[in-house]
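# Commentary on secondary and tertiary structure
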Amino acid sequence: ARRELAFLNASLQHWKANHAPMMPTPKIKLPPKPQPRQDFMTRGQAALFLWKARRTPHLARFFIIGWYTGSRRSVITGLKWSMVNLDDGIMQRKPRNAVKTKKRSPPVKIGGRLLAHLRRWRRMDGQATHIVRHRGKAIHRPVSSWERVRDLAGLPDYVTPHVLRHSRATTMMRAGVNPWDAA
């Protein structure tokens with residue numbers, strides 16, 4: 001409700017400034033700000049999730065890439081082998097000719113653990129184009145398998161694919177990484 005009221009207040013102020021400078025505007029009292037959410041997974045929760053996902057290979061790959069890179073769901077599901085340089089350890093998170101959006105996805109250096117997984121997967125995949133796929137086809141939203149594994153692991157509802165991004169950032173900040181580098 002606070003966010004909606006803030007939008008209403010901004011709209012009224014904009015209207016007054018541009019269309020009716022003499023119009024009296026009501027004072028909108030915003031409710032207090034809520035406590036910041038703590039939506040991130042601990043290493044223990046991540047290990048439990050991954051253990052439960054071991055029989056769902058596409059979800060395990062999705063999770064491992066998200067955990068180690070902090071990439072968004074759309075980046076992970078769109079990741080192709082042509083975007084990963086296993087020799088230099090660099091992963092392009094956007095295709096070469098992708099349209100620029102406000103959601104930045106700069107290249108990322110692949111850490112040793114993820115690089116080992118990627119090399120093993122590459123040997124297993126042969127001629128496949130997408131890294132994360134199910135029954136030979138690229139996946140777009142691993143919702144049903146994610147929810148099933150999350151429930152099997154007994155993890156809270158806030159554990160969604162996007163929480164991998166928050167978890168990576170939290171892990172990096174706790175390790176003392178510069179916030180700009182983490183971003």
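A few points on the structure. Worth saying up front: this structure is predicted, and the values here are computed from it rather than measured.

Below, the discussion takes up the nonpolar core. General note: in soluble globular proteins, nonpolar side chains tend to be found buried as a group. The biggest cluster of nonpolar side chains holds 33 residues, and the ones touching the most others in it are M41, F49, L118 and I131. Counting only elements with at least two residues in this core, the list comes to helix 2 (43-52), helix 3 (57-69), helix 5 (112-125), helix 6 (143-153) and helix 7 (163-174). A total of six residues in this core trace back to one element, the largest contributor, which is helix 3. Contact partners of L118, with chain neighbours within four places excluded, come to W81, V84, L86, I110 and I131.

It is worth spelling out the environment of K80 at this point. Here K80 shows up in the loop between helix 4 (73-77) and strand 1 (84-85). Judged by relative accessible area, K80 falls into the partly exposed class, the value being 35%. The sequence separation of K80 and R93 amounts to 13 residues, and the corresponding C-alpha distance is 9.2 Å. Leave out the neighbours within four places in its chain, and K80 touches T129, H130 and I131.

This brings us to the sheet that holds strand 3 (residues 108-109). If you trace the three strands from one edge of the open sheet to the other, you get 1-2-3, paired in antiparallel fashion. Edge positions in the sheet fall to strand 1 and strand 3, since each has one partner strand and no second. Relative to strand 2 (residues 90-91), strand 1 runs antiparallel, the two sharing two bridges. Opposite V84, over in strand 2, you have M91 as the bridge partner.

Looking now at the pattern of salt bridges. Evaluation of the coordinates by the stated rule reveals four salt bridges. A salt bridge links R61 to D125; the nearest nitrogen and oxygen atoms lie 2.8 Å apart. In this pair, R61 sits in helix 3 while D125 sits in helix 5, placing the two residues 64 residues apart along the sequence. Each of the two residues, R61 as well as D125, counts as buried.

So, about the side chain of T69. Within the element layout of this structure, T69 appears in helix 3. The exposure class assigned to T69 is buried, which follows from its relative accessible area of 10%. Side-chain polar atoms of T69 contact the backbone oxygen of I65, separated by 2.6 Å. A polar atom in the side chain of T69 sits 2.8 Å from the side chain of S71. Every residue in contact with T69, bar those within four places of it in the chain, is listed here: M91, R93, V108, L114 and R168.

Going through the model one piece at a time under the given rule, you end up with five aromatic pairs. Between F49 and F63, the aromatic rings sit 4.9 Å apart at their centres with planes inclined by 20°, giving stacked as the arrangement. Linking F49 in helix 2 with F63 in helix 3, this pair joins segments that are 14 residues apart in sequence. Taken as a pair, F49 and F63 share a single burial class, namely buried. For the pair F49 and W146, a centre-to-centre distance of 4.5 Å together with 40° between the ring planes defines the contact as tilted. Note that F49 is positioned in helix 2 and W146 in helix 6, a separation of 97 residues in sequence. On the accessibility criterion, F49 (0% relative accessible area) is buried. Its relative accessible area of 1% is what places W146 among the buried residues. Feature note: the residues F49, F62, F63, W67 and W146 constitute an aromatic cluster, connected by ring pairs. Sitting over the ring of W51, R54 keeps its end group 3.9 Å from the ring centre.

The subject of this paragraph is helix 2. Taken residue by residue, helix 2 has Q45, A46 and F49 as its buried positions. Projected down its long axis, helix 2 shows its buried positions confined to an angular sector of 100°, all on one face. Across from the buried face of helix 2, at angles greater than 90 degrees, the exposed residues are R43, G44 and W51. Packed against the buried residues of helix 2 are helix 3 and helix 6.

Procedures and definitions
- Residues numbered from 1 in each chain as written.
- Predicted model: local features only at pLDDT ≥ 70, side-chain atom pairs only at ≥ 80, totals over all residues.
- Heavy atoms only, no water.
- Core = buried A, V, L, I, M, F, W, Y, C linked by side-chain atoms within 4.5 Å.
- Buried < 20%, exposed > 50% of the residue type's maximum accessible area, 1.4 Å probe, protein only.
- Helix = DSSP H or I, 4+ residues; strand = E, 2+ residues; numbered from the N terminus.
- Contact = heavy atoms within 4.5 Å.
- Pairing = 2+ DSSP bridges.
- Salt bridge = Lys/Arg side-chain N within 4 Å of Asp/Glu carboxyl O.
- Polar contact = N/O pair within 3.5 Å; in protein donor to acceptor, adjacent residues only side chain to side chain.
- Phe/Tyr/Trp six-rings, centres within 6.5 Å; stacked < 30°, edge-to-face > 60°.
- Lys NZ or Arg CZ within 6 Å of the ring centre and 35° of its normal.
- Arc of directions from axis to C-beta.

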